Amino acid sequence: MKKILALLVTALISFSAIAADVIQASGTASQISTDAKPHVVAFNSTDLSENLTIKNNSVIFKENGTYFAMIGAQVGSEGEKGYVYSWMRINGKDVANSSVAQYVGDKSFTTVVVSQTLVKANKGDKLEVMFSTTAKGLGLMAQTQPNMPVVPAAILSVYKIN
């Protein structure tokens, strides 16, 4: 019994350390590219935030640490064919090995791409999610349907792991 109690206390302490620095933000409007340049993913809804903030579409880290970041983005087209890419940046520098790519072959096709990474961040650092496309009219697609929540174009979750 003491071992089980000790394990539960350890788990609760570990969880409370994770939950202290967390944010989930969503972009509830479609974000369609008009060129092949990189664009910052826009987040207009903060779904949950504890000790992390989002300002000008960037997550602001309030303390040094290692963070887990994951983006899920629904990609699609308004008619063009091509690739949609997404990746993360810290302080304007691309995060290595954080890119994902998806080919969109027609207007009826949508899928969710997921990118995740671990980053070392310092107090005041800024995390951005980027996207670009190989043709205009491609991008991140939100959907609305009656009697159900919005399907966001993008959802970003970040939490501190140590």
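Whatever comes next refers back to the structure up there.
Model, not experiment: these values are computed from the prediction.

Enquirer: Is there a simple way to explain a nonpolar patch on the surface in this structure?
Expert: Taken together, the side chains of Met70, Val112 and Val114 define a hydrophobic patch exposed on the protein surface, amounting to about 240 Å² of accessible area. Checked against the element boundaries, valine 114 lands in strand S11 (residues 111-121).

Enquirer: What's the story with the nonpolar core in this structure? I'm lost.
Expert: Formed by 32 residues in total, the largest nonpolar core has its most connected members in Phe43, Phe61, Leu127, Leu140 and Val158. Among the elements of the structure, strand S1 (22-27), strand S7 (65-77), strand S8 (82-90), strand S10 (100-104), S11, strand S12 (126-133), strand S13 (138-140) and strand S14 (154-160) are those that each provide at least two residues to this core. Ranked by the residues each element gives to this core, the list is headed by S7, at five residues.

Enquirer: Just checking my understanding: could you explain the packing of aromatic side chains for this structure?
Expert: The description of two aromatic rings rests on the distance between their centres and on the angle between their planes. Going through the model one piece at a time under the given rule, you end up with four aromatic pairs. Aromatic side chains phenylalanine 61 and tyrosine 67 sit 4.4 Å apart centroid to centroid with 50° between the ring planes, which places their arrangement in the tilted category. When sorted by exposure, phenylalanine 61 lands in the same class as tyrosine 67, which is buried. Centre to centre, the rings of tyrosine 83 and tyrosine 85 are 5.9 Å apart; their planes meet at 25°, and the pair counts as stacked. By relative accessible area, tyrosine 83 is classed as partly exposed at 37%. Taking the relative accessible area as the measure of exposure, tyrosine 85 reaches 30% and is therefore partly exposed.

The rules behind the values
- Residues numbered from 1 in each chain as written.
- Predicted model: local features only at pLDDT ≥ 70, side-chain atom pairs only at ≥ 80, totals over all residues.
- Heavy atoms only, no water.
- Patch = residues over 30% accessible without salt bridge, like charges linked within 9 Å, V, L, I, M, F, W, Y side chains within 5 Å.
- Areas by Shrake-Rupley, 256 points an atom, 1.4 Å probe, with all protein chains shown as cover.
- Salt bridge = Lys/Arg side-chain N within 4 Å of Asp/Glu carboxyl O.
- Helix = DSSP H or I, 4+ residues; strand = E, 2+ residues; numbered from the N terminus.
- Core = buried A, V, L, I, M, F, W, Y, C linked by side-chain atoms within 4.5 Å.
- Buried < 20%, exposed > 50% of the residue type's maximum accessible area, 1.4 Å probe, protein only.
- Phe/Tyr/Trp six-rings, centres within 6.5 Å; stacked < 30°, edge-to-face > 60°.

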